[in-house]
Amino acid sequence: MMKLKSPPVNSLSLELLTEFAISLEKLENNRACRGVIITSSVPKIFSSGLDITEMCGKSMEHYTEFWRAVQEIWLRVYSSSMVTVAAVNGSSPAGGCLIALSCDYRIMAENPKFSIGLNEAQLGIVAPFWFKDTFVNVVGHRIAERSLQLGSLHSAPEAHKLGLVDELVPEEKLMEKAAAVMAQWLALPDHARQLTKTMMRKPVVDRLVAHREEDIKNFVTFISKESIQKSLRMYMEMLKKRKS
Ligand SMILES: CCCCCC/C=C\CC(=O)SCCNC(=O)CCNC(=O)[C@H](O)C(C)(C)COP(=O)(O)OP(=O)(O)OC[C@H]1O[C@@H](n2cnc3c(N)ncnc32)[C@H](O)[C@@H]1OP(=O)(O)O
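Residues numbered from 1 in each chain as written. Predicted model: local features only at pLDDT ≥ 70, side-chain atom pairs only at ≥ 80, totals over all residues.

For the protein, an unreviewed UniProt entry supplies the name Enoyl-CoA delta isomerase 1, mitochondrial and the organism Zosterops lateralis melanops. Under Pathway (unreviewed entry), UniProt gives the following word-for-word description of the protein: "Lipid metabolism; fatty acid beta-oxidation." (UniProt positions renumbered as here; feature names shortened; annotations may be inferred.)

Participant: Go over the overall build of the protein with me, naming the residues and quoting the values.
Facilitator: Scanning the protein from terminus to terminus reveals 10 helices and 9 strands. Relative to the 2.2 N^0.38 estimate, which gives 18 Å for 244 residues, the radius of gyration of the protein is 17 Å and therefore close to what a compact globule would have. When its C-alpha atoms are laid out on the principal axes, the protein stretches across 50 × 40 × 35 Å. Looking at the 244 residues of the protein, the share that counts as buried comes to 38%. A separation threshold of at least 6 residues defines the contact pool for the protein, and within that pool the share at least 24 residues apart is 79%. (Helix = DSSP H or I, 4+ residues; strand = E, 2+ residues; numbered from the N terminus. Rg over C-alpha atoms; globule rule 2.2 N^0.38 Å. Buried ≥ 20, exposed ≤ 12 C-beta atoms within 10 Å, placed from the backbone. Contact = placed C-beta atoms within 7 Å.)

Participant: Which residues make up the packing of helix α2 (residues 60–78) against helix α9 (residues 212–224), and what values do they have?
Facilitator: Two elements in contact, α2 and α9, have axes whose closest approach is 9 Å; the angle formed by their N-to-C orientations is 130°. The orientation of α2 relative to α9 falls into the category oblique. Here the hand of the crossing between α2 and α9 comes out right-handed. Taken together, the residues of α9 that come into contact with α2 (itself represented by Met-60, Tyr-63, Thr-64, Trp-67, Arg-68 and Gln-71) are Arg-212, Asp-215, Ile-216, Phe-219, Val-220, Ile-223 and Ser-224. Each residue belonging to the contact of α2 with α9 can be placed in one class, and the counts come to 7 nonpolar, 3 polar and 3 charged. (Axes fitted to C-alpha atoms, helices over the stretch in contact; angles between N-to-C directions. Parallel < 35°, antiparallel > 145°, perpendicular 65-115°, else oblique. Left-handed = near helix turned anticlockwise from the far one by under 90°. Nonpolar A, V, L, I, M, F, W, Y, C, P; charged D, E, K, R; others polar.)

Participant: So what about the nonpolar core? Which residues, and what values?
Facilitator: Counting residues in hydrophobic clusters, the biggest one holds 58 residues, and the most contacted among them are Val-85, Val-88, Ala-100, Ile-107, Met-108 and Ile-116. The leading source of residues in this core is α2, at 9 residues. When residues no more than four places from it in sequence are discounted, the contact partners of Ala-100 are Phe-46, Ala-86, Val-88, Ser-92, Arg-106 and Ile-116. (Core = buried A, V, L, I, M, F, W, Y, C linked by C-beta atoms within 7 Å.)

Participant: A description of the sheet that holds strand β7 (residues 115–117) should follow, citing residues and the corresponding values.
Facilitator: Taken in spatial order, the 4 strands line up as β3-β5-β7-β8 in an open sheet, and their pairing is mixed. Looking at the sheet topology across the chains shown, the edges are occupied by β3 (44–45) and β8 (154–155). (Pairing = 2+ DSSP bridges.)

Participant: Please give an account of the site of the ligand that cites residues and values.
Facilitator: Around the ligand, a shell composed of 28 residues is seen, among which Ser-48, Gly-49, Leu-50, Ala-94 and Gly-95 lie nearest. Where the shell around the ligand is concerned, the elements lending two or more residues are β5 (90–93), α9 and α10 (226–243). The biggest single contributor to the shell around the ligand is α10, with 4 residues. Its residues assigned to classes, the shell around the ligand comprises 16 nonpolar, 8 polar and 4 charged. (Near = placed C-beta within 6 Å.)

Here is the structure:
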């Protein structure tokens, strides 16, 4: 099991992304480890997505390093040879949702206050093509298009209805259910499951691998624009105001 632990909201900072990638690599290289449940140890939050402070007021070099780390975590989770189950025990906007979408199966706590979705448009930013591709592969084109254009955050019941999460369970049963799902998936021979997973996901993975540097350049150019920086600052201020 891998528990995200970076209070207060598990925002995906460069440090957390790097630690996450190292831990995944260790598991991946351990032949005895055939599956991983990804969850959070922060109450009510799975992950608040990318750490916005990493994308505000920093240098081009920093944005480059940060975005490479975001790509890396997606490549590792999405193309993992292990069975990956997301036990979504709290809200999971944007990058947090991407982590869950990249797993093989998603179980979410049945709490209508928890929300999940790719809400980038609400921040004035655009989800990159590989976020979009991952989303489309889970929910289909129409639902992904509407949800992305509106930057929707869906409540847990709504997310289940849309197929964004596979199952809802009472919070106290989440880990038990995740373990049961893992056992079910691990009952199959690894090679058949792994080859099937690769067949289904390879086109999307290859697309980023082929355009990785271009994608970084795009991100750095986009995020460095004063208008985008202004939107992000305003969004952070809104988060802080909402609190007080
Ligand atoms: C070509 C260009 C491509 C660009 C693609 C970019 C792709 C990905 C985008 C992202 O992932 S951007 C991140 C999107 N995330 C969000 O919109 C979530 C924002 N946060 C929230 O909605 C809430 O914080 C929460 C997660 C629902 C939790 O609410 P709660 O009430 O429990 O906590 P808060 O009081 O709101 O927050 C505590 C503390 O954390 C700060 N914070 C929250 N989220 C982030 C974040 N993502 N990054 C950095 N910091 C975050 C928040 O401001 C509070 O700070 P303080 O006021 O305590 O200093």
